[in-house]
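If you want the building blocks of each chain, they are given just below.
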Amino acid sequence: MAIERTFSIIKPDATRRNLTGAINAVYEKAGLRIIAQKRIWMSRQHAKKFYEVHAARPFYNDLVDFMVSGPVVVQVLEGENAVQAHRDLMGATNPANAAEGTIRKMFAESIEANSVHGSDSLENAAIEIAYFFAGCELVG
């Protein structure tokens, strides 16, 4: 098994409901370490750039609006096969389809307000981590 790093965002719907600690507990119980974490309020420009891969999709503007609607918690998680482990913990994008015990099944309000974001590959994790964190902020 490989020790990896992945990126996570606890989204505005979850921070509004004060779920940061509960979500962090799920990560830690599953063996993921939080090696960097900060609470921020993304600017519209920052959110548009981060989600630009979705710019041509019909949900892009709504996604940006949602992500700037309140504070988020950006994180770097580390552990064995962290990218896949985190994706498994998150559950399906649509909480109605998410497995029992996943973050989205337990906490999400809707497809859009689904409480968490996670990197989909090691390559994207590296890009997303660098977008929000300086190397000296990663304390593993």
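This one's a predicted model, so the numbers in the text were calculated from it and none came from an experiment. (Residues numbered from 1 in each chain as written. Predicted model: local features only at pLDDT ≥ 70, side-chain atom pairs only at ≥ 80, totals over all residues. Heavy atoms only, no water.)

**Topic: the packing of aromatic side chains**
Under the defined criterion, the tally for this structure stands at 6 aromatic pairs. Relative to Tyr131, the ring of Phe50 has its centre 5.7 Å away and its plane inclined at 35°; by these criteria the two rings are tilted. Note that Phe50 is positioned in helix 3 (residues 44–50) and Tyr131 in helix 7 (residues 122–132), a separation of 81 residues in sequence. Accessibility expressed as a relative area gives 27% for Tyr131, which makes it partly exposed. The ring of Phe133 has Lys38 sitting right over it, with the charged end atom 4.8 Å from the ring centre. (Phe/Tyr/Trp six-rings, centres within 6.5 Å; stacked < 30°, edge-to-face > 60°. Helix = DSSP H or I, 4+ residues; strand = E, 2+ residues; numbered from the N terminus. Buried < 20%, exposed > 50% of the residue type's maximum accessible area, 1.4 Å probe, protein only. Lys NZ or Arg CZ within 6 Å of the ring centre and 35° of its normal.)

**Comments concerning unusual backbone geometry**
Positive phi is not limited to glycine here, since Asn81 has a value of about 45°. Since its relative accessible area comes to 27%, Asn81 is described here as partly exposed. The backbone phi angle of Ser115 is positive, close to 75°, even though this residue is not glycine. With respect to the helices, strands and loops of the structure, Ser115 is situated in the loop between helix 6 (103–107) and strand 4 (116–118).

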